[in-house]
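Commentary on secondary and tertiary structure
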Amino acid sequence: MSAGDEKLPPFYSPKAAAAGDDARQHVDDFSIDAPATRADQLSQEGQLPPPSLLSPAFTPPATPGTQTPSALGPRGVPVDSSTPSGGCGSKKPKLVESLPTVECEVRARIPTVNNGEFFLHVYKNSVDSKEHLAIVFGDAIRSKSLDAPRPDETEWDRMMRGAYTGKLYPGRTTSSEDPPKEGQPTSKASRDTPLVRIHSECYTGETAWSARCDCGEQLDEAARLMSLPGNSAGGVIVYLRQEGRGIGLGEKLKAYNLQDLGSDTVEANLLLRHPADARSYGLATAILQDLGLDEIRLLTNNPEKIRAVEGPNREVVVKERVPMVPLSWKGRGGIRSQEIEGYMKAKIEKMGHMLSQGGI
Ligand SMILES: Nc1nc2c(ncn2[C@@H]2O[C@H](COP(=O)(O)OP(=O)(O)OP(=O)(O)O)[C@@H](O)[C@H]2O)c(=O)[nH]1
């Protein structure tokens, strides 16, 4: 055992093992192959930071025979926030007393660089003036507030704000598609439970190439899982504008300086007189309700998020938690850095993240 391992809890890897050795056997290989990343290249060139202290060795192996076939998407673990042993940790979440109201102002089709597409929904709400978003995969999930008729609007107005069915094309004049002709297949809603990710804005991790956190990787991975061909129920990434766990970008950058001075992510927030996590999830609950989702499979490791997103009266029920395992732990590229090590360590040790449970 090296000197650095002494204080680590038992679920940490007993010996530093590079992701991708033994762990490769336990990979949740529900995916198309990830393209070679910068981390892969650096690894081959021998320039990577020291191998991970944070497992994959503590990630339990998948039960034989339960691996999900590649196109079907990830398996989750059942959770039930209404019982103490329901897999949602023991901390009491901050619940809003009543849900805010939300209205989808506009939606548009966004074709992606991966040859997929999603519908981006922009919401306004009753508690702040930010443009919170829903990134919706699949045709089956529709916003009630978007589809509701608005006073004096024309068919052109409805198409312009995205309240149409089917596809737009030059010359189209009505927002509703013609009913299908006899013998023509109709798209039917799936009865599976949709996959959902509640994602908090992270300029540094999603846009500015930061290796201090895995936010960009998580966003990409959530979108990839929701786009898998077997995911007939579709999926939603609710993208909340609560940068830096709710403290804002400027304060997060101060926290980063404090981290470079020796604090961990939680201590840095507290030194700045912010809570360790200043986020709330009432807007996410309200957006999911507007999208007609009352039961979801939630992509997260954060137990507080599960209970908070269910809302004060369990308006939305999380049936399953799908773990978000860092790609580097699964030998699939991903981000590696000393800063990420500290970030993940604080999440597991101080914020109760369930990265050793569940199974992949
Ligand atoms: N204050 C602060 N915020 C950070 C830091 N690193 C990342 N963040 C923010 O943390 C948020 C990302 O957290 P999420 O990935 O949504 O969620 P989580 O609670 O970690 O749980 P998961 O669902 O398991 O990923 C974003 O708003 C980031 O900007 C940090 O060091 N300090």
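Residues numbered from 1 in each chain as written. Predicted model: local features only at pLDDT ≥ 70, side-chain atom pairs only at ≥ 80, totals over all residues. Heavy atoms only, no water.

1. Thoughts on the site of the ligand
- Taken together, the neighbourhood of the ligand is formed by 25 residues, with Arg279, Thr300, Asn302, Lys305 and Lys347 sitting nearest.
- Between the ligand and glycine 244, the relevant distance is 3.1 Å, taken from an oxygen atom to a main-chain nitrogen or oxygen of the residue.
- Take arginine 279: an N or O atom from its side chain is 2.6 Å from an oxygen atom of the ligand.
- Here the ligand, which alone exposes 660 Å², has 100% of that area covered by the protein.
- Elements with a minimum of two residues in the shell around the ligand: strand 5 (195-200), helix 5 (215-227), helix 6 (249-260), helix 7 (265-271) and helix 10 (338-350).
- Residues belonging to the shell around the ligand are distributed by class as follows: six nonpolar, 11 polar and eight charged.
- Shared between two domains, the shell around the ligand holds at least three residues of each, these being domain 1 (1-76 + 331-360) and domain 2 (102-173 + 189-242 + 279-322). (Near = heavy atom within 4 Å. Polar contact = N/O pair within 3.5 Å; in protein donor to acceptor, adjacent residues only side chain to side chain. Areas by Shrake-Rupley, 256 points an atom, 1.4 Å probe, with all protein chains shown as cover. Helix = DSSP H or I, 4+ residues; strand = E, 2+ residues; numbered from the N terminus. Nonpolar A, V, L, I, M, F, W, Y, C, P; charged D, E, K, R; others polar. Domains from an automatic or database assignment.)

2. A short note on the sheet that holds strand 8 (residues 317-322)
- Reading across from one edge, 1-8-7-5-6-4-3-2 is the order of the eight strands in this open sheet, with mixed pairing throughout. Among the strands making up the open sheet, the edge pair consists of strand 1 (77-78) and strand 2 (102-111).
- Pairing of strand 7 (residues 295-299) with strand 8 involves five bridges; the strand directions are parallel. Along strand 8, the bridge assignment pairs leucine 299 with valine 322.
- Here helix 5 sits on the sheet and contacts strand 4 (132-137), strand 5, strand 6 (235-240) and strand 7; the angle it forms with strand 5, its principal contact strand, is near 160°.
- Of the strands in this sheet, strand 2, strand 3 (117-125), strand 4, strand 5, strand 6 and strand 7 touch helix 8 (residues 282-290), which is tilted by about 145° from strand 6. (Pairing = 2+ DSSP bridges. Contact = heavy atoms within 4.5 Å. Axes fitted to C-alpha atoms, helices over the stretch in contact; angles between N-to-C directions.)

3. Details of the pairing of strand 4
- Among the six residues that make up strand 4, six are buried, leaving the element largely enclosed by the rest of the structure.
- Burial of the side chains of strand 4 extends over both faces: His132, Ala134 and Val136 are buried on one face and Leu133, Ile135 and Phe137 on the other.
- Bridge count for strand 3 against strand 4 is five bridges, and the pairing is antiparallel. Bridged to leucine 120 within strand 4 is isoleucine 135.
- The hairpin formed by strand 3 and strand 4 contains six residues between the paired strands.
- Inspection of the sheet shows strand 4 paired to strand 6 by five bridges, in the antiparallel sense. Pairing of alanine 134 across the sheet is with valine 238, part of strand 6. (Buried < 20%, exposed > 50% of the residue type's maximum accessible area, 1.4 Å probe, protein only.)

4. Some points on the side chain of arginine 172
- One can find arginine 172 in the loop between helix 3 (155-160) and strand 5.
- Nearest to the buried, unbridged arginine 172 among oppositely charged side chains is glutamate 177, at 5.1 Å.
- From its side chain, arginine 172 meets the backbone oxygen of lysine 167 in a polar contact 2.5 Å long.
- Among all residues touching arginine 172, those that are not within four sequence positions of it are Met159, Tyr164, Thr165, Gly166, Lys167 and Glu177. (Lys, Arg positive; Asp, Glu negative; His and termini not counted. Salt bridge = Lys/Arg side-chain N within 4 Å of Asp/Glu carboxyl O.)

5. Looking at helix 6
- Compared with the 16 Å implied by 1.5 Å per residue over 12 residues, the 17 Å span of helix 6 between its first and last C-alpha is a close match.
- Of the residues making up helix 6, those classed as buried are Lys252, Ala255, Tyr256 and Gln259. The buried residues of helix 6 occupy an angular sector of 105° when the element is viewed end-on, so they sit on one face.
- In this fold, the buried residues of helix 6 make contact with helix 4 (203-206) and helix 7.
- Just downstream of helix 6, glycine 262 is the residue with a positive phi angle, here 120°. (Expected span 1.5 Å × (residues − 1). Arc of directions from axis to C-beta.)

6. A closer look at the confidence of the model for the chain
- Mean pLDDT over the chain: 80, with 74% of residues reaching 70 or higher.
- Predicted confidence is poor over residues 1-69, with pLDDT under 50, and the contacts of this stretch with residues over four places away or in other chains come to 95 contacts.
- Model confidence for the complex: the whole-complex pTM is 0.81, and ipTM, which rates the interface, is 0.97. (pLDDT = per-residue confidence, 0-100.)

7. Regarding the UniProt feature "domain: GTP cyclohydrolase II" (unreviewed entry) in the chain
- UniProt tags residues 193-317 as "domain: GTP cyclohydrolase II" (unreviewed entry).
- Between the first and last C-alpha atoms of residues 193-317 the distance is 11 Å; the span itself is 42% helix and 14% strand. (UniProt positions renumbered as here; feature names shortened; annotations may be inferred.)

8. Considerations on the packing of aromatic side chains
- Under the defined criterion, the tally for this structure stands at one aromatic pair.
- Relative to phenylalanine 137, the ring of phenylalanine 118 lies with its centre 5.7 Å away and its plane at 50°, an arrangement referred to as tilted. Taken as a pair, phenylalanine 118 in strand 3 and phenylalanine 137 in strand 4 lie far apart in primary sequence, 19 residues in all. Here the two residues phenylalanine 118 and phenylalanine 137 agree in accessibility, since each one is buried.
- In this structure, arginine 107 packs its charged tip against the face of tyrosine 164, placed 4.6 Å from the ring centre.
- Stacked on the ring of tyrosine 256, the Lys or Arg arginine 212 has its end atom at 4.5 Å from the ring centre. (Phe/Tyr/Trp six-rings, centres within 6.5 Å; stacked < 30°, edge-to-face > 60°. Lys NZ or Arg CZ within 6 Å of the ring centre and 35° of its normal.)

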